[in-house]
Amino acid sequence: MPADDLPETFRVTTDEQLRAVSNLTRHRIMATLRFEPATITQIAERVGLAKGSSSYHVRLLERAGLVKVVRTRKVRGVTERYYAMAARTIEVPDPGEGAPDLLMRHAVADLEASPAESERHVGMSHLRLTDEQFAELGARLQALADEYRELSDPSLPDASFVFALFHPATREQSGEDAK
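Now for a description of the structure that goes with this document. Along every chain, residues carry numbers that run from 1 in the direction the sequence is written. Where totals are concerned, whole chains, interfaces and linings use all residues; where local detail is concerned, this predicted model gives features only for residues with pLDDT of at least 70, and gives and counts side-chain atom pairs only at 80 or more. With hydrogens and water stripped out, all remaining heavy atoms of the structure feed into the side-chain values.

### Some details on the nonpolar core
Generally speaking, nonpolar side chains in soluble globular proteins are found buried as a group. Each nonpolar core is a collection of buried residues, namely Ala, Val, Leu, Ile, Met, Phe, Trp, Tyr and Cys, held together in the definition by side-chain atoms within 4.5 Å. Each residue is placed in one exposure class: buried if its accessible area under a 1.4 Å probe, protein chains only, is under 20% of its type's maximum, exposed if it is over 50%, and partly exposed if it falls in between. Grouped together as the largest cluster of nonpolar side chains are 22 residues, with contacts concentrated most on Val-21, Leu-33, Leu-66 and Val-67. A helix here means a DSSP run of H or I that spans at least four residues, while a strand means a run of E at least two residues long, and both kinds are numbered starting from the N terminus. Of all the elements in the fold, those that place two or more residues in this core are α1 (15-22), α2 (24-32), α3 (40-47), α4 (51-63) and β3 (78-85). The criterion used for residue contact is that any of the two residues' heavy atoms lie within 4.5 Å. Those residues in contact with Val-21 that sit more than four places away from it in its chain are Val-12, Met-30, Leu-66, Ile-90, Val-92, Leu-102 and His-106.

### Some words on the side chain of His-27
Structurally, the position occupied by His-27 is in helix α2. Polar contacts, as used here, are pairs of N or O atoms within 3.5 Å; protein pairs need one atom able to donate a hydrogen and one able to accept it. Residues neighboring in sequence count only if both atoms are side-chain atoms. Engagement of the side chain of His-27 in a polar contact is seen with the side chain of Asp-110, the distance being 2.7 Å. Excluding its chain neighbours within four sequence positions, the residues that come into contact with His-27 are His-106 and Asp-110.

### What about the side chain of Arg-26?
Looking at where Arg-26 falls in the secondary structure, it is placed in helix α2. The residues contacting Arg-26, other than those within four sequence positions of it, are Arg-19, Ala-20, Tyr-56, His-57, Leu-60 and Leu-61.

### Some words on unusual backbone geometry
In this structure, Arg-76 is a non-glycine residue whose phi angle is positive, near 50°. Within the element layout of this structure, Arg-76 appears in the loop between β2 (67-75) and β3. Judged by its relative accessible area of 81%, Arg-76 is exposed.

Have a look at this one:
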């Protein structure tokens, strides 16, 4: 199923869906299916799982509506299923104040697991912006991500682009005492 045929966004709204996307292994399976459908065997190889574990996690994702079978074929009397994402993007609910951010946790885990010898661009900037500048920067970052997502070629190696633009808690808000 070409990405053009997919709905743009799948909004996670149920506890079952949230549990499904909260797992790092399932996050990595969804990343594998981002650009092209794959069988359980292909998913297992790409994610580095046993075939049975891959099947278990894919079934949970399918039950939650996050992935779906897009094609089948008979191979030596067995029906082989190809799975793909249910939408181009998955939108998770805001975790709320003080709760861990699922996307950032997965991004950090993926960054830490990436090969040390591979090229990386990681940085952090502390800014002081007006409300308008803050909104403009957020929109520009999203537009940049969207532009490069459109240029993505499934034959090329994966690259992850993660950004977080937020107002950090002040010491009073985070409960830290001033020293």
